[in-house]
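Per-entry structural report
If you want the building blocks of each chain, they are given just below.
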Amino acid sequence: MPLFNLFKKKSEKEVLQDKYKKLMGEAHKLSTSNRRLSDEKVAEAEEVLKQMENLA
């Protein structure tokens, strides 16, 4: 990572993308142990995806 990007603030879209990736990762991990919680994480991720679409 170049030094000039070190202090660059993330855009709202980048923040939402990171949140979406995190939620989907958690859902994947939970899918083997707790299907209900996994489904809840996927639903949260879909809400984040809708927010990203509204930004575009």
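Preceding block: the structure.
It is worth spelling out the pattern of salt bridges at this point. Under the definition given, this model contains six salt bridges. Of the charged contacts in the structure, one is a salt bridge between aspartate 39 and arginine 35, with a shortest N-O distance of 3.3 Å. A residue pair is termed a helical-turn pair when its members lie 3 or 4 positions apart in one helix, as aspartate 39 and arginine 35 do in helix α2 (residues 35–55) at four residues. Residue class for aspartate 39 comes out partly exposed when judged on its relative accessible area of 40%. Salt bridges here are not isolated pairs; linked through shared partners, they connect Lys22, Glu26 and Lys41.

What follows deals with the environment of asparagine 34. Here asparagine 34 lies in the loop between α1 (12–30) and α2. Of the polar contacts made by the side chain of asparagine 34, one reaches the backbone nitrogen of leucine 37; its length is 3.3 Å.

So, about the nonpolar core. Counting five residues, the largest nonpolar core is built from Leu16, Leu23, Ala45, Val48 and Met52. Of all the secondary structure elements, the ones that give two or more residues to this core are α1 and α2. The greatest single-element share of this core, amounting to three residues, is contributed by α2. Filtering out sequence-adjacent residues up to four positions away, leucine 16 remains in contact with Val48, Gln51, Met52 and Leu55.

Definitions and cut-offs
- Residues numbered from 1 in each chain as written.
- Predicted model: local features only at pLDDT ≥ 70, side-chain atom pairs only at ≥ 80, totals over all residues.
- Heavy atoms only, no water.
- Salt bridge = Lys/Arg side-chain N within 4 Å of Asp/Glu carboxyl O.
- Helix = DSSP H or I, 4+ residues; strand = E, 2+ residues; numbered from the N terminus.
- Buried < 20%, exposed > 50% of the residue type's maximum accessible area, 1.4 Å probe, protein only.
- Polar contact = N/O pair within 3.5 Å; in protein donor to acceptor, adjacent residues only side chain to side chain.
- Core = buried A, V, L, I, M, F, W, Y, C linked by side-chain atoms within 4.5 Å.
- Contact = heavy atoms within 4.5 Å.

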